[in-house]
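Per-entry structural report
Take a look at the letters that make up each chain.
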Amino acid sequence: MSSQVKTRLFIGGLYHEIKERDISERLKNFGSVSSVEIHRKDGFFFITGFPGKTFAYVDISAPEASIRKCISVLTNTNWKGSQIKVQQAKESFLSRLEKERKAATSSKTTSKSLTSPALSEELVEPIKHAVPGSQVPGKKDWVVGKFGRALPILRMRQRGSAKIARFDPSKTVHNLKKFREEVTEEASCEQLTWDLRDENQASSKE
C-alpha cells in the first residue's frame, strides 16, 4: 500500500456559489480531504457579466499517484458551467510556520544534547571551598576561576604553525594592565591659548 502524502491543491475557475462540501464530495475518490478554503473576489457583474473570481485551496491526503491522477483528470474540465484548473499549490503560511517552530525546537534539543556535560547546572553555581586555578573535581579541562566559577581550558592553534597552545583563563583573570603615567605640567587659566571675551564689550567696540 502506497504511503499517504498530505498535499495542498489549488482549484481555480470555480463557480461563485460553490460550497466546501461540494469540493470535498468532488475529491473524495482521490483521497481524504482535511480542509477546504474558498476565496471569492467580487467583480463588476453589471460591466463584465461575471460575478468575479472564485478559487479554493484544498488539503488532501493521498498517495502521490492519486494526486497526479486528480490533477490530470480534473484540470480543464467543466464543472457546473465553469472550466476549472487544478494544480499543486504552495504550502500554507500556517503549515510553514508550524514546521519552522518544530525545527527550531528540535535544534534547541539537539544543541542541548551535544553540549558538554561540564556545562550542566552543577557548574553554573559557584564551587564552594575551591582554590582558584585548581582543576574542577571530576571535570577534565575545566579549572576554578575567580569567585569559584568553572572556566574551560582553551586549546588554540597558533597562526602559521602546527603547534597548539594551551590557554588557562584562571591565570589571567587577576592580571591588571599597567598604564604608563603621563606627567603634565600644571598651568593657570591665564596661560591658556584661547581667551574669553565679554559679549557686551565686544558689541560696544563694534
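Residues numbered from 1 in each chain as written. Predicted model: local features only at pLDDT ≥ 70, side-chain atom pairs only at ≥ 80, totals over all residues. Heavy atoms only, no water.

**Comments concerning the side chain of R8**
The condition that has to hold: Every helix listed is a DSSP run of H or I at least four residues long, and every strand listed is a run of E at least two residues long, numbered separately from the N terminus. Polar contacts, as used here, are pairs of N or O atoms within 3.5 Å; protein pairs need one atom able to donate a hydrogen and one able to accept it. Residues neighboring in sequence count only if both atoms are side-chain atoms. Contacts are assigned to residue pairs with any non-hydrogen atoms lying within 4.5 Å of each other.
In this fold, R8 is placed in strand β1 (residues 5–12). Side chain to side chain, R8 and D59 meet in a polar contact 3.4 Å long. Excluding residues that lie within four positions of it along the chain, R8 makes contacts with E37, Y57, V58, D59, Q88, A89, K90, E91 and S92.

**Side note on the packing of aromatic side chains**
The test is simple: When two rings of Phe, Tyr or Trp (its six-membered ring) have centres within 6.5 Å they constitute a pair, described as stacked for plane angles under 30 degrees, edge-to-face for angles over 60, and tilted for the intermediate range. Each residue is assigned to one of three classes by its accessible area relative to the maximum for its type, calculated with a 1.4 Å probe on protein chains only: buried under 20%, partly exposed between the two thresholds, exposed over 50%. Working rule: Lys NZ or Arg CZ, within 6 Å of ring centre, within 35 degrees of ring normal, means a charge sits over the ring.
One pass over the structure, following the stated rule, counts 4 aromatic pairs. Summarising the aromatic geometry, the rings of F10 and F55 are spaced 5.8 Å apart at their centres and angled 40° between planes, so their arrangement reads as tilted. One end of the pair, F10, is in strand β1; the other, F55, is in strand β3 (residues 52–62), with 45 residues separating them in the sequence. Taken as a pair, F10 and F55 share a single burial class, namely buried. With centroids separated by 6.0 Å and ring planes inclined at 90°, the aromatic side chains of F55 and Y57 adopt a geometry described as edge-to-face. On the basis of relative accessible area, Y57 is assigned to the partly exposed category, the value being 24%. Taken together, the aromatic side chains of F10, F55 and Y57 make up a single cluster linked through ring pairs. The ring of W79 carries the charged tip of R26 above its face, separated from the ring centre by 5.1 Å.

**What about a positive patch on the surface?**
For clarity, the threshold we go by: Think of a patch as exposed residues, more than 30% relative accessible area, with no salt bridge, where like charges cluster within 9 Å and nonpolar side chains (Val, Leu, Ile, Met, Phe, Trp, Tyr) cluster within 5 Å. Surface accessibility follows the Shrake-Rupley procedure with a 1.4 Å probe radius. Residue values consider only the protein chains on display as shielding. A side-chain nitrogen of Lys or Arg and a carboxyl oxygen of Asp or Glu constitute a salt bridge if their distance falls within 4 Å. Positive charge is attributed to Lys and Arg, negative charge to Asp and Glu, and no charge count is given to His or to the chain ends. All charge positions are set by atom: Lys at NZ, Arg at CZ, Asp at CG, Glu at CD.
A cluster of basic residues, K19, R21, R40 and K80, forms a positive patch on the protein surface. Turning to its location among the elements, K80 is positioned in the loop between β4 (77–79) and β5 (82–88). With relative accessibility at 55%, the residue K80 sits in the exposed group.

**A word on helix α3 (residues 64–74)**
An α-helix turns once per 3.6 residues; consequently, residues spaced three or four apart project the same way. Counted only if it meets this: By construction, the arc corresponds to the directions joining the helix axis to the C-beta atoms.
All buried positions along α3 are accounted for by I67, C70 and L74. The buried side chains of α3 occupy one side of the element, clustering within an arc of 60° when seen end-on. Structural note: α3 exposes E64, R68, K69 and S72 on the side pointing more than 90 degrees away from its buried face. Looking at the buried residues of α3, the elements they touch are β1, α1 (20–27), β3, β4 and β5. Following α3 by one or two positions, N76 has its phi on the positive side, about 65°.

**Side note on unusual backbone geometry**
The phi dihedral of N76 is positive, around 65°, even though this residue is not glycine. Here N76 shows up in the loop between α3 and β4. According to the relative accessible area criterion, N76 is exposed, its value standing at 54%. The phi dihedral of K80 is positive, around 55°, even though this residue is not glycine.

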